[in-house]
Amino acid sequence: MDATGNGRRPVAGELLVGGACTTAAAVFALRGLAHRSLWGDEGVSALQVIGSNERLVEGLRAEPQFGLYHVLLRGWTVFGTSDFTLRLMSVVFAVLTVPALYAVARRLYDERIAGIAAAVLALNGLLLGYAHELRPYALAAFTATLATLFLLRALDEPDRPGRWTAWVVAATFAALSHPFGGMIVVAHGIVLLVRREVVPVRAVALRMAVPALLVGAVALEMLRLGPSRLGWIPPAGPYHIAQVGYELAGSHPTAFIAYALAIAGLMAAVVRADRAARRRIAFGAGVAVCLLVVPFVLTLGVSMVQSLFVSRYFIVCVPALVLLVAAGLGQLRGRVAVVATIGVLALSLPAAISPVRSTNQDWRHAAALVHSVGAHDLVVVVPTGLTTLRYYLEENWRSDRLRSVTGSEFSSSTNEQLQPCHLQAVWLVVLDGHGAMNELRRLAGTHSPEESVSLDGLVVTRFERTPGAGAVRPPDEGCP
């Protein structure tokens, strides 16, 4: 039996509500999935799972914190390796988060609040945006929510050892999905301390021994790699913290206002309620607040060394935020509750239509432009995105002729050191907002721009050898 005393199985009406919300989430998550090109980070994931086992192992070493996601994605490639098919796995995890939250809310409160929570989550702009991301964020949201569900099931029936085993397994998956999933597990630990009178501490500790070693090994590997790869994250300040809160609500002002009003209503209901009613509300709200606040507090602590305030990392907190919104709306009665819920959903709709997404970078089109390069041509990518370009060339044309730039030297894919005298044509791909002064300076005496194409987030320019620069020399000959 759950915390509300509602131990019965879902009836047809509840299944209909949950199914409708899940279907709505699927419709919004699939909308436009095939249109956008992968961006730089997505290309890293795509390239390592479509290549050899050695390439996958190298990727696991480079990003141990995302190891579970990439192993699952490698298995997903049995369905195909196009960008649409690879992204579809994230869609599945994002959509499954909706019924998972429904089950959490139903166990903490009742089916009415559960239905509201599922409907609000189905329109959340952050979850829907990262349903399109070929990265582990949707997986992290799902595993964190599933682990919370298994925790509540174990607390409801603490004498059933299988319930604790299920929670430990789910919590392990959450921690391995993303480091912020591990923060959700820390929040679970606080909940267990609050309910320690029903927790079989020894049994739980024994079950956690092996998973703790596994998660610890991943954490040590992350520490070995160091924080240098996170240098792009700006120092944490009030603006960045507020921006995370804003994007959790979908990065749209109407959705943010709707969430804020609903949570304010929950706070007012707690203040006005009598002792019995307050007790009914308190545990569910306390769990949600813990799941929402603990990652923020831990991130503030870590940010004293290295800032981690990136909105997509906090996607694991979205279900908890939505749960508070639903609990606030659930305190209303009758037509007021119906009107308020419809209002929140209406205000959330713009965020669902235009969800939070990462940078637009049209590497798909860029790859098409450079596909026909000759044997002595070079593709220079400034400053990042080479893996995404390589993914599209390999996926669409099985091309292995991509050449890149390494350090200050032009290098081919076979590590040949090339100079401008070795090149007939050069493609220069530059991300918006970045210069390529060193590359332009090196080409100035021998090459001139022939065509330039502006794409989403990219500028692609083709340089041809000028007539006065002389004949192209073989790569094994030096330049004058």
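Residues numbered from 1 in each chain as written. Predicted model: local features only at pLDDT ≥ 70, side-chain atom pairs only at ≥ 80, totals over all residues. Heavy atoms only, no water.

**Details of the environment of Gly237**
Okay, step 1: Residue position: Gly237 is located in the loop between α11 (201-225) and α12 (238-248).
Okay, step 2: When the C-alpha positions of Gly237 and Phe309 are compared, they lie 8.9 Å apart, and in sequence the two are 72 residues distant. (Helix = DSSP H or I, 4+ residues; strand = E, 2+ residues; numbered from the N terminus.)

**Some thoughts on helix α9 (residues 161-177)**
Okay, step 1: End to end, α9 covers 25 Å across 17 residues, agreeing with the expected 24 Å (1.5 Å per residue, within 8%).
Okay, step 2: All of the buried residues along α9 are Arg163, Trp164, Trp167, Val168, Ala170, Ala171, Thr172, Ala174, Ala175, Leu176 and Ser177.
Okay, step 3: Looking at the buried positions of α9, the neighbouring elements they touch are α4 (67-76), α8 (137-156), α10 (179-194) and α11. (Expected span 1.5 Å × (residues − 1). Buried < 20%, exposed > 50% of the residue type's maximum accessible area, 1.4 Å probe, protein only. Contact = heavy atoms within 4.5 Å.)

**A word on the confidence of the model for the protein chain**
Okay, step 1: Taken residue by residue, the protein chain gives an average pLDDT of 88. The fraction at 70 or more is 92%.
Okay, step 2: In the predicted structure, residues 1-5 sits below a pLDDT of 50 and forms 16 contacts with residues beyond four places in sequence or in another chain. (pLDDT = per-residue confidence, 0-100.)

**Things to note about helix α16 (residues 334-353)**
Okay, step 1: A rise of 1.5 Å per residue sets the reference length of α16, with its 20 residues, at 28 Å; its end C-alpha atoms lie 29 Å apart and thus fit the reference within 8%.
Okay, step 2: Considering bend angle alone, the principal kink of α16 is centred on Leu347 and spans about 30°; proline Pro350 follows within four residues of it.
Okay, step 3: At its buried positions, α16 is contacted by α1 (12-30), α6 (111-122), α7 (125-130), α13 (253-272) and α15 (318-330). (Bend = angle between axes of the 7 residues up to and from the residue.)

**Some remarks on the pattern of salt bridges**
Okay, step 1: Considering all chains together, one arrives at 10 salt bridges under this definition.
Okay, step 2: Linking Glu42 and Arg87 is a salt bridge whose minimum nitrogen-to-oxygen distance equals 2.8 Å. Placement of Glu42 in helix α2 (residues 40-50) and of Arg87 in helix α5 (residues 83-108) is noted, with a sequence separation of 45 residues between them. Here the two residues Glu42 and Arg87 agree in accessibility, since each one is buried.
Okay, step 3: The salt bridge partner of Arg160 is Glu157, with a shortest N-O separation of 3.4 Å.
Okay, step 4: Using a relative accessible area of 24% as the deciding quantity, one classes Glu157 as partly exposed. (Salt bridge = Lys/Arg side-chain N within 4 Å of Asp/Glu carboxyl O.)

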